[in-house]
Amino acid sequence: MNIAIHGIGFPREFVPHIEQLINCLKSHDIRIYFTEGFSKSLKKNNVKLEGYEPLNPKSLIEQMDFILSVGGDGTLLDSVCLVGEFEIPIVGINSGRLGFLATVAKEDIDNAIEQLIAGNFSVEKRALVSVNTEKQIFNGLNFGLNEFTMHKRDTSSMITIHTYIDGQYLNSYWADGLIVATPTGSTGYSLSCGGPLITPGARNFVITPVSPHNLNVRPIILSDECEMSFKIEGRGEKFLVSLDSRSTTVDATDELKVKKASFSANLVKFHDYHFFDTIRQKLNWGFDMRN
């Protein structure tokens, strides 16, 4: 079995858990690969480990059976970009705080690896959102797991985003921005702007305005089989767009076409995991000082 470990930063106090992870993998005679980002993180923390190979060239990713994402949810989003259309299953090991996507706690590393080896897990297919324009943006990585966002570039006045669904006019949003979130991304930026929670298996996108000028404008849920297109107007000539944590600028003349990607992100979930447990624990649902 080939397993690659990816990470783009972790606290110094998490180093013993990384050593524990490597030792556990070695005990099962697993061939271990480190991504360049993970190797840099180890070097930054003065950690020297043996018994692994560099994931170089990156095309070796196609030969991996699993990717272990060590970090927070941001690291897992980066792992999705690393895997891309190869759809290699990703295990999220949480060294951060929230852990909506990276669900394996540091105390459960050994058990998680044992369950992985034994095949006691399921794979959740998570829809990705893709963005296309006449010119290449995001260095060709035009897909994201959480959301695509259009935003004003600075503190200037609001922008107008003309929105069409399958060629049919929907609305012109006067706002600071507009979010197109997947079910996975519904617990992130969209939620903070008043968007609904969507279960991971739902086949939907949600369009959520950011600080809309018209107070009667609310989020709208759409089928993920539709194609959305957007034209942005404003006092400036360039506007900010982002896919998860990656940002770039587009021109006012650019038409943005957004739809579901042709491939998915495959997230490994162990049998003691459920989305409803996560939202109760992470969002404090049901928490009341009176109890």
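Residues numbered from 1 in each chain as written. Predicted model: local features only at pLDDT ≥ 70, side-chain atom pairs only at ≥ 80, totals over all residues. Heavy atoms only, no water.

Going by what an unreviewed UniProt entry lists, the chain is known as NAD kinase and is assigned to Belliella marina. Word for word, the UniProt comment on the chain under Sequence similarities (unreviewed entry) is "Belongs to the NAD kinase family." (UniProt positions renumbered as here; feature names shortened; annotations may be inferred.)

With that settled, the discussion passes to the nonpolar core. By size, the foremost hydrophobic cluster in this structure holds 29 residues, and its most contacted members are Ile5, Ile18, Leu21, Leu25, Leu68 and Ile93. Those elements that provide at least two residues to this core are strand 1 (2–6), helix 1 (15–27), strand 2 (31–34), helix 2 (36–44), strand 4 (66–71), strand 5 (90–94), helix 4 (109–118) and strand 19 (265–270). Looking at which element gives the most residues to this core, the answer is helix 1, with six residues. Apart from the residues lying within four places of it in its own chain, the contact partners of Ile93 are Phe14, Leu21, Leu68, Ser69, Val70, Gly71, Ala102, Val104 and Ile109. Formed by 26 residues, the second largest nonpolar core is a distinct cluster that contains Phe148, Val217, Leu222 and Val241. (Core = buried A, V, L, I, M, F, W, Y, C linked by side-chain atoms within 4.5 Å. Buried < 20%, exposed > 50% of the residue type's maximum accessible area, 1.4 Å probe, protein only. Helix = DSSP H or I, 4+ residues; strand = E, 2+ residues; numbered from the N terminus. Contact = heavy atoms within 4.5 Å.)

This brings us to unusual backbone geometry. Phi is mostly negative for residues that are not glycine, and the peptide bonds are mostly trans. Of note in the backbone geometry, Glu87 takes a positive phi value of approximately 55° without being a glycine. In this structure, Glu87 sits in the loop between helix 3 (73–83) and strand 5. Since its relative accessible area comes to 26%, Glu87 is described here as partly exposed. We note that Asp166 has phi near 50°; this positive angle belongs to a residue other than glycine. When you line up the elements, Asp166 lands in the loop between strand 10 (159–165) and strand 11 (168–175).

Rolled over the atoms, a probe sized like a water molecule indicates the empty space that remains. Of the pockets and cavities examined, the largest pocket occupies roughly 410 Å³. Every residue lining the largest pocket is counted, 20 residues in all, and those nearest its centre are Thr103, Val104, Asp108, Asp272 and Tyr273. Mapped onto the lining of the largest pocket, the elements with two or more residues apiece are helix 4, strand 19 and helix 6 (275–282). At four residues, the largest contribution of residues to the lining of the largest pocket is made by helix 6. Broken down by class, the residue content of the lining of the largest pocket amounts to six nonpolar, nine polar and five charged. (1 Å grid on protein atoms, 1.4 Å probe; cavity = no way out; pocket = protein on both sides within 12 Å on 5 of 7 lines; lining within 4 Å. Points joined across faces, edges and corners; volume = space filled by probe spheres on them. Nonpolar A, V, L, I, M, F, W, Y, C, P; charged D, E, K, R; others polar.)

Turning next to the pairing of strand 18 (residues 255–260). Note: strand 7 (residues 129–132) against strand 18, four bridges, orientation antiparallel. Looking across to strand 18, one finds that Val131 is bridged to Val258. Pairing of strand 15 (residues 228–233) with strand 18 involves four bridges; the strand directions are antiparallel. The residue bridging Ser229 from the neighbouring strand is Lys257, located in strand 18. (Pairing = 2+ DSSP bridges.)

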